[in-house]
Amino acid sequence: MTDTAPQITEEAFRRPRNQWWDVWDQFRTHKGALVGFIIFITIMVAVLIGPYLWTIDPGYIDIRARNQGPTLAHPLGTDQLGRDMLARMMAGGKVSVAVGVTSMALSLILGTLIGVLAGYFKKLDGPLMRFTDLFLALPLLPLLLVMVMLFREALSSRFGPETGIFILMVTAIGITSWMQTARIVRGDVLALKEREFVLAARSIGTPSYRMILRHILPNVMSPVMVSATLGIASAIITESSLSFLGLGFPPDFPTWGRLLFDAVDYLNQYPERVFWPGLAISLTVLSVNYIGDGLRDALDPRIRGR
Amino acid sequence: MLDDTPRTLVKVRDLKMHFPIFAGLFRRRVGEVKAVDGVSFDIIEGETLGLVGESGCGKSTCGRAVLRLYDITSGSISIDGQEIGDAGYQKLRPMRPQMQMVFQDPQASLNPRMTVARIISEPLDEHTTLSKAEKQERVYELMDAVGLNRDFANRYPHEFSGGQRQRIGIARALALNPKFIVCDEPIAALDVSIQAQVVNLLEELQDKFNLTYLFISHDLSMVRHIADRVAVMYLGKVAELAPRDALYSKPLHPYTEALLSAVPEPDPNVETRRERIILRGDVPSPAHPPQGCNFSTRCPKVMDICHQSDPDMQEVEPGHFVACHLYPPTTKPTTKNMVASEANKSIQQGE
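Residues numbered from 1 in each chain as written. Chains lettered and ligands numbered in written order. Predicted model: local features only at pLDDT ≥ 70, side-chain atom pairs only at ≥ 80, totals over all residues. Heavy atoms only, no water.

J.: Tell me what's going on with the overall build of chain B, and back it up with residues and numbers.
T.: Counting its secondary structure elements, chain B contains 12 helices and 12 strands. Since a compact globule built from 351 residues should have a radius of gyration of about 20 Å, the 22 Å found for chain B is in line with a globular shape. Overall, the C-alpha framework of chain B stretches about 75 × 60 × 45 Å when taken along its three principal axes. The burial tally for chain B puts 54% of its 351 residues in the buried class. Within chain B, counting contacts between residues at least 6 apart in sequence, those at least 24 apart form 63% of the total. Split by element, the accessible area of chain B, about 15,300 Å² in all, is 51% carbon and sulfur. (Helix = DSSP H or I, 4+ residues; strand = E, 2+ residues; numbered from the N terminus. Rg over C-alpha atoms; globule rule 2.2 N^0.38 Å. Buried < 20%, exposed > 50% of the residue type's maximum accessible area, 1.4 Å probe, protein only. Contact = heavy atoms within 4.5 Å. Areas by Shrake-Rupley, 256 points an atom, 1.4 Å probe, with all protein chains shown as cover.)

Take a look at the structure:
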């Protein structure tokens, strides 16, 4: 192979193909990822488009129809105040997924930024990693409590109660969960920047920011992907616990976590009311994990094509 | 150093590259590894300077320091008349296209997430304003030049053999039409049959593009094949610098003699009768080099003066430089005298 003369025949000669097609081809071969992708899309469609088809107001209280089992009028039954569970599931899902994805994105950006800066620039390493240690050492729940106490009113009056709380939740979860990502990324960057291809890029004269974008970031994608998918899961769960503690969204505002905790009181009488939000959370988390797994494989050319 | 009729492209003077050692609770600076400690040489345009020495003697560090991949401790490096020893990033960047590097490990020197086309076009992205189609055309030209099938452009480095990967690395180094290429053991990670291919390719390209090489290697036979002049390094210093034939036929420095005696002989009859000079002991740590001559701890011809003062580089014969006390600076012995005096000295050592 090594010494074959270059053949420029028409059939042997292919123009470069966009590498995202290769990524998609590899992604499709990962069965779990494909199934996860379909499930996640289904959930997203149900949550985003569902409310336009199932037009019952999730906050509408019909006290005479409370605690019903599944009927045609209420396919998932009603809760203790007679609100339709299906409508509440869809409304709650929108909030939960939005909180999960947004705060994951925030913590990912923060974590990757700090990890890359600490790993790549030796001078920043000490200060940034001590900063990370500081955040790791902070007791998170009291910190969240303080944040909610301090900013809830201000944000509510500025952006309205729901958006205000949403911003507060996303920020709170985001800035308290980036530390693991930062540490993983820093470790990988430290190893990567001693590799010869980084030296080769330096001998070409590549400036630092393009070095990071072109050589460092694509190579730390794998651990970032993994912590991203795990991050969505833990963000949804953190949001649920905060709602449960009364620190999150207002009690009548449905989220999956809130539905779950409301239903816990009636666990013995109406177990299906725990089942649905629980299933939704689990399916979302699981499908996102599989998507992340498949994406990580698809983005690595060494695994691609196997 | 040499007469100036051929143009000197690279001029290195008293290059020092010391890496600090930090130790203890407070990470205090306790010393330094003198990886390269006062190296001087010239490279003439179009020639190949071989740089040989055993592992850890500072060959690679020297090569990288010449390209300013490190911030050098002191010394001066000038390439094509421009001083780059103390140049900052901004001044270096426009110089980069002239000087490129081929790396030792072809696996590690290619980004596993980039296609061959992207790897080769990276220098073009950085330093040229070619359009996408022009870049692609240039990439194909380069792939032709190094003997890679154009169809490989969309593949990833892990899909290639070691020799092919090294060709990709060479194509990348050639992308900007450099004048000077540092080959940092480009063949050390390849098996023997591929080594010949890659070295022949390097020679071919040198003729075609009038390249100047600094060829770093520990393979003396290969250096003999490719180099015009050879510098022998020991523990961060150049022990001997001479035209190839002079060095191989008549090594002056005892270290060069020992190195050359380790080269295996293809003829089994000669091989069995060959007398090897076996050096005792290990290379001293570059963090604590011995007093006097660096080689004094292992030299078979060591003298008292070797433990006291470091020999200077001196021109013993035209173009033949050696740093050794065996050759006193005042006299310029002819070949016969030298052999005789050498013999005398080894007898004196025996006493």
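J.: Break down the packing of aromatic side chains for me, citing the residues and quoting the values.
T.: Residue and element names in this part refer to chain A. Evaluated as defined, the whole model comprises 13 aromatic pairs over all chains. Through pairs of rings, three or more aromatic residues link up here, namely Trp-24, Phe-27 and Phe-37. If you follow Arg-158 out to its NZ or CZ, it ends over the ring of Phe-159, 5.2 Å from the centre. (Phe/Tyr/Trp six-rings, centres within 6.5 Å; stacked < 30°, edge-to-face > 60°. Lys NZ or Arg CZ within 6 Å of the ring centre and 35° of its normal.)

J.: Tell me about the UniProt feature "domain: ABC transporter" (unreviewed entry) in chain B, and name the residues and values.
T.: UniProt feature "domain: ABC transporter" (unreviewed entry): in the numbering of this structure it lies at residues 10-260 of chain B. Taken end to end, residues 10-260 of chain B has its terminal C-alpha atoms 27 Å apart, with 35% of it in helix and 28% in strand. (UniProt positions renumbered as here; feature names shortened; annotations may be inferred.)

J.: Lay out the interface of chain A and chain B with the relevant residues and their values.
T.: Taken together, the contact pairs 38 residues of chain A with 40 residues of chain B. Where chain A meets chain B, there are 4 salt bridges. As a salt-bridge pair, Arg-210 of chain A and Glu-126 of chain B come within 3.6 Å of each other at their nearest N and O atoms. For the pair chain A and chain B, the interface holds 13 residue pairs in polar contact (both at pLDDT 80 or more). Secondary-structure elements contributing two or more residues to the side of chain A that touches chain B are helix 8 (196-204), helix 9 (208-219) and helix 10 (221-244) of chain A. Of the residues in the side of chain A that touches chain B, the class split is 16 nonpolar, 10 polar and 12 charged. (Salt bridge = Lys/Arg side-chain N within 4 Å of Asp/Glu carboxyl O. Polar contact = N/O pair within 3.5 Å; in protein donor to acceptor, adjacent residues only side chain to side chain. Nonpolar A, V, L, I, M, F, W, Y, C, P; charged D, E, K, R; others polar.)

J.: Describe the packing of helix 9 of chain A against helix 3 (residues 116-127) of chain B, and please don't skip the residues or the numbers.
T.: Between helix 9 of chain A and helix 3 of chain B, the shortest axis-to-axis distance is 13 Å and the interhelical angle comes to 165°. When the axis of helix 9 of chain A is compared with that of helix 3 of chain B, the two are roughly antiparallel. Helix-helix and strand crossings are classified by hand; for helix 9 of chain A and helix 3 of chain B the assignment is right-handed. Contacts from Arg-210, Arg-214 and His-215 of chain A in helix 9 of chain A reach Arg-118, Glu-122, Asp-125 and Glu-126 of chain B in helix 3 of chain B. In the contact of helix 9 of chain A with helix 3 of chain B, the residues fall into no nonpolar, 1 polar and 6 charged. (Axes fitted to C-alpha atoms, helices over the stretch in contact; angles between N-to-C directions. Parallel < 35°, antiparallel > 145°, perpendicular 65-115°, else oblique. Left-handed = near helix turned anticlockwise from the far one by under 90°.)

J.: Kindly report on the sheet that holds strand 1 (residues 8-23) of chain B, identifying the contributing residues and their values.
T.: Residue and element names in this part refer to chain B. Strands sit in the order 2-1-4-5 across an open sheet of 4 strands; the sheet is antiparallel. Here the strands that pair on one side only, and so sit at the sheet edges, are strand 2 (28-44) and strand 5 (82-83). Across 13 bridges, strand 1 lies against strand 2 in antiparallel orientation. Counterpart to Phe-19 in the pairing with strand 2 is Val-33. Against the sheet, helix 1 (residues 59-66) contacts strand 1, strand 2 and strand 4 (74-79), and its axis sits at roughly 115° relative to strand 1. (Pairing = 2+ DSSP bridges.)

J.: So what's going on with the pairing of strand 9 (residues 229-234) of chain B? Which residues, and what values?
T.: Residue and element names in this part refer to chain B. Counted residue by residue, strand 9 has 6 buried out of 6 residues, so it is predominantly covered. As defined by bridge partners, strand 9 adjoins strand 10 (residues 237-243) across 6 bridges and the pair is classed as antiparallel. Its bridge partner lying in strand 10, Val-230 is registered against Ala-242.

J.: Could you give an account of the state of the cysteines, with specific residues and numbers?
T.: A disulfide bridge is the covalent bond that connects two cysteines by way of their sulfur atoms. Residue and element names in this part refer to chain B. In this structure the tally under the stated criterion is 0 disulfides over all chains. No disulfide involves Cys-306; its sulfur sits 5.7 Å from the nearest other cysteine sulfur, which is in Cys-293. Here Cys-324 is not disulfide-linked; the sulfur of Cys-299 is the nearest cysteine sulfur, at 6.0 Å. Of the residues examined, Cys-324 reaches a relative accessible area of 8% and is grouped as buried. (Disulfide = S-S within 2.5 Å.)

J.: Would you mind going over the pattern of salt bridges in detail, with residue names and values included?
T.: Side-chain pairs of opposite charge can arise whenever the charged atoms involved come near each other. Going through the model one piece at a time under the given rule, you end up with 28 salt bridges over all chains. One salt bridge in this structure joins Arg-64 of chain B and Glu-196 of chain A, with 3.4 Å as the shortest N-O distance. Highlighted residues: Arg-64 of chain B in helix 1 and Glu-196 of chain A in helix 8, drawn from two different chains. Neither residue differs from the other here; Arg-64 of chain B and Glu-196 of chain A are each classed as buried. When the shortest N-O distance is used, the salt bridge between Asp-310 of chain B and Lys-237 of chain B registers 2.5 Å. Of the two residues, Asp-310 of chain B sits in the loop between helix 11 (304-308) and strand 11 (314-317) while Lys-237 of chain B sits in strand 10, which places them 73 residues apart along the sequence. In the salt-bridge network here, residues are joined through shared partners; they are Arg-210 and Arg-214 of chain A together with Arg-93, Glu-122 and Glu-126 of chain B.

J.: Give me the UniProt feature "transmembrane region" (unreviewed entry) in chain A: which residues, what numbers.
T.: All names here are of chain A. The UniProt record marks residues 34-54, 95-121, 133-151, 163-185, 216-237 and 274-292 with the feature "transmembrane region" (unreviewed entry), using the residue numbering of this structure. The span residues 95-121 shows a helical share of 96% and a strand share of 0%, and its end C-alpha atoms are spaced 38 Å apart. Between the C-alpha atoms that bound residues 216-237 there is a distance of 31 Å. The span itself is 95% helix and 0% strand.

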